[in-house]
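Each chain, written out:
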Amino acid sequence: MSRSKLDSSQFAPEIIPYLLVALCERAAALGIAPERLCAGLGFNVPALRAGVLVSRRQAWRMIRRALQLGGRDDLGIEVGLGQGLEKFGVLGQAFLAAPTVGDALRLGARHFPAGGALVDIELAPSTSGLALELRPRVRDPRIAMFLVEEIVASVMDLFRRELGEALALRVLELGYPAPAHASRYAGLFGCEARFGCARSRLEIAPDWLARPMPGHDPAAFAQLRAQLDQHARQETLDTVAAIERLLARPGGMALSIAQLARSLDLSARTLRRRLDEAGTSFRAISGRVRAQAARELLEDGGLTVAEAGQRLGFSDARAFRRAFKRWQGQAPGELRASR
């Protein structure tokens, strides 16, 4: 049986290592030398603390090693507890300066993946008006559980320290079976945990969303949010450019938006959101790329209209002519006549 090809995006250095720094600190407290976690991975502890970017594959291997050496499945909870917002840089500062709990949560969900992340966090419809869905970018169930537990524990702990009381959850759904340490959940998260769900999702009680953040600073919040939005705009433009490159490759025209999302290591929902933010759509980008390819085939490739249409995946020349006129404002024959 042939082995499946490795996804090249696993090796791209894009992960900001704040989680791995926290993992090193917790490992040391458990009697595990942090250097053992990094051995052979291409970086060391000082490099992580200096902010070196790592790949998803490096991060996964380090987490897996920590789980094996630590011998405890609740390591994600342990790492999540006690993390300071200073590790999150600008996002952490903006979080503290936000007007309300709801604003802080929306900001975190919007900008947490900036610079690469191991988990996609997305706002989702809910009866309370705000729910967060957590989608680990890993298939290993043990690592996926670690990542979800770390995020939920860190969110709860951050609000507990900033507000002086625990954030109230209405719903906590987990996309994995109940672990041996499931008894810890009620005390930490304050609601019944539902295991074995189709997704990992937490829903915040509605009366919490309007609660003021004690460190709210209107001027600082506006400035910090502008910095985060600028980074997000660049990320969105990079995503559009990446889609154009993928579609322009041989065979790329046949890719669906779901296939493109997988190639970019995004969920289809996240990809659609970024395109919405860029003021465009998959159909518009695909049409633009096809229009450019059609011009090149007709002008430089010497193909007939039927041949060019077939090359671009159209079932017949008539459908291609209609699409070409929609793209270019003129029929293929008019383009050639104008040469």
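Cut-offs and rules
Residues numbered from 1 in each chain as written. Predicted model: local features only at pLDDT ≥ 70, side-chain atom pairs only at ≥ 80, totals over all residues. Heavy atoms only, no water. pLDDT = per-residue confidence, 0-100. Contact = heavy atoms within 4.5 Å. Axes fitted to C-alpha atoms, helices over the stretch in contact; angles between N-to-C directions. Helix = DSSP H or I, 4+ residues; strand = E, 2+ residues; numbered from the N terminus. Left-handed = near helix turned anticlockwise from the far one by under 90°. Nonpolar A, V, L, I, M, F, W, Y, C, P; charged D, E, K, R; others polar. Pairing = 2+ DSSP bridges.

### Topic: the confidence of the model for the protein chain
In step 1: Mean pLDDT over the protein chain stands at 83; residues scoring 70 or higher make up 92%.
In step 2: Low pLDDT, under 50, characterises residues 1-9; the predicted model gives this stretch five contacts beyond four residues in sequence or across chains.

### Brief notes about the packing of helix 6 (residues 89-97) against helix 11 (residues 218-248)
The relative placement of two packed helices is expressed as an angle between their axes plus a distance between the axes.
In step 1: Direction vectors running N to C along helix 6 and helix 11 enclose 145°, while the axes themselves pass 9 Å from each other. Our pair here, helix 6 against helix 11, has a crossing hand that is left-handed. In this structure, helix 6 uses Val90, Leu91, Gln93, Ala94 and Ala97 to contact helix 11, whose residues at the interface are Ala220, Phe221, Leu224, Gln227 and Leu228.
In step 2: When its residues are assigned to classes, the contact of helix 6 with helix 11 shows eight nonpolar, two polar and no charged.

### Things to note about the packing of helix 7 (residues 101-111) against helix 8 (residues 141-163)
In step 1: Where helix 7 meets helix 8, the axes come as close as 13 Å, and the angle between the chain directions of the two elements is 145°. Considering how the two elements wind past one another, helix 7 and helix 8 form a crossing that is right-handed. Contacts from Val101, Ala104 and Leu105 of helix 7 reach helix 8 at Val155, Phe159 and Leu163.
In step 2: Of the residues that constitute the contact of helix 7 with helix 8, the class distribution is six nonpolar, no polar and no charged.

### Focus: the sheet that holds strand 1 (residues 119-124)
In step 1: Strand order across the open sheet formed by five strands is 1-2-5-3-4, with mixed pairing between neighbours. Here the strands that pair on one side only, and so sit at the sheet edges, are strand 1 and strand 4 (193-194).
In step 2: As judged from the two bridges shared by strand 3 (residues 169-173) and strand 4, these two strands associate in the parallel manner. Pairing of Leu172 across the sheet is with Ala193, part of strand 4.
In step 3: Its contacts with the sheet put helix 8 on strand 1, strand 2 (131-136), strand 3 and strand 5 (200-204), and the angle it makes with strand 2 is roughly 150°.

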